[in-house]
Amino acid sequence: MSLFACAQVGAARQEEAEEQLETLLALPVGRGSWLGGRLLLATSAVAAISLVAGVCTWAGAAAGGTHVSLPMTLEAGANCLPVALLFLGIAALAYAVAPRASAGIASGLVAVAFLWQLVGSLLGAPGWLVAATPFAHVGLVPAQSFRAGAAALMLAIGAASALAAFRVFRRRDLLGA
């Protein structure tokens, strides 16, 4: 889901690079409104993907004869939302600051964070070092409980990054960086 969120920001950059925004932004649509609409669309899509993942997991478990409740699988699907929204906010900020490099920055951060959590754990890296990645703070629902504090922090950082992206994006020229 995190890579999907970053890809949505990459699609916004593609629209800009192909000069599809000139006509749109000539209308009474502000730059901030356009970016906000793109981020709202990406947020909605990520939420829908997590919902579908929860329902499909439940259906697969039910088809296999495992008794798992639908609310539990929906919670497991929603468990990935905070990380995806964190990276969406960071991707939006990267897009506002360095549009040409934004897709690489955002996708690279997701890949490095995920691989570090995986490889760091396998190599027995110190816990504080493995905890530096957001993926280390996702509870493995339903086996573990949802980590509300970590989720709230990731959502706050993602929202702050998105707000900073709005401020920077309004000031930069299209195709400016």
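Attention here is on the structure that accompanies the text. Each chain carries its own residue numbering, running from 1 in the written order of its sequence. Local features in this predicted model are restricted to residues whose pLDDT is 70 or higher, and side-chain atom pairs enter the listing and the counts only when it is 80 or higher, whereas totals over whole chains, interfaces and linings include all residues. Think of the side-chain values as coming from all heavy atoms in the structure, minus any hydrogens and water.

1. Let's talk about the packing of helix 5 (residues 81-97) against helix 8 (residues 148-171)
Piece 1. Axis angles are defined between N-to-C directions and span 0 to 180 degrees, where every axis is a line fitted to C-alpha atoms and, for a helix, only to the segment in contact. Helical segments are the DSSP runs of H or I of at least four residues, strand segments are the runs of E of at least two, and each set is numbered from the N terminus. For the pair helix 5 and helix 8, the least separation of the axes is 7 Å and the interaxial angle reads 20°. Relative to helix 8, helix 5 is oriented roughly parallel. Note on packing geometry: the crossing formed by helix 5 with helix 8 is left-handed. The segment helix 5 lies against helix 8, with Pro 82, Val 83, Leu 85, Leu 86, Gly 89, Ile 90, Ala 92, Leu 93, Tyr 95, Ala 96 and Val 97 engaging Ala 151, Met 154, Leu 155, Ile 157, Gly 158, Ser 161, Ala 162, Ala 164, Ala 165, Val 168 and Phe 169.
Piece 2. Under the convention adopted here, Pro, Cys and the residues Ala, Val, Leu, Ile, Met, Phe, Trp and Tyr are nonpolar, Asp, Glu, Lys and Arg are charged, and Gly plus all remaining residues are polar. Residue composition of the contact of helix 5 with helix 8, by class: 19 nonpolar, three polar and no charged. Any angle from 65 to 115 degrees is called roughly perpendicular, while one under 35 is roughly parallel, one over 145 is roughly antiparallel, and all others are oblique. What makes a crossing left-handed is the near helix being turned counterclockwise from the far one by less than a right angle; a clockwise turn instead makes it right-handed. Residues count as neighbours in contact if any of their non-hydrogen atoms are within 4.5 Å of one another.

2. A short note on the nonpolar core
Piece 1. Nonpolar cores were defined as sets of buried Ala, Val, Leu, Ile, Met, Phe, Trp, Tyr and Cys residues, with membership established by side-chain atoms within 4.5 Å. Note on classification: 1.4 Å probe, protein chains only; a residue is buried when its accessible area is under 20% of the maximum for its type, exposed when over 50%, partly exposed between these limits. Within the largest apolar cluster, 29 residues are counted, with the highest numbers of intra-cluster contacts made by Leu 35, Leu 39, Phe 87 and Tyr 95.
Piece 2. It is helix 5 that provides the largest number of residues to this core, a total of 10 residues.
Piece 3. Not counting the four nearest positions on each side in its chain, Leu 39 is found in contact with Val 9, Leu 88, Ala 92, Ala 162 and Phe 166.

3. What to know about the side chain of Ser 102
Piece 1. Position of Ser 102 relative to the elements: it lies in helix 6 (residues 102-123).
Piece 2. Apart from residues lying up to four places away in sequence, Ser 102 is in contact with Arg 13, Ala 91, Ala 94 and Tyr 95.

Structural measurements only, silent on function.
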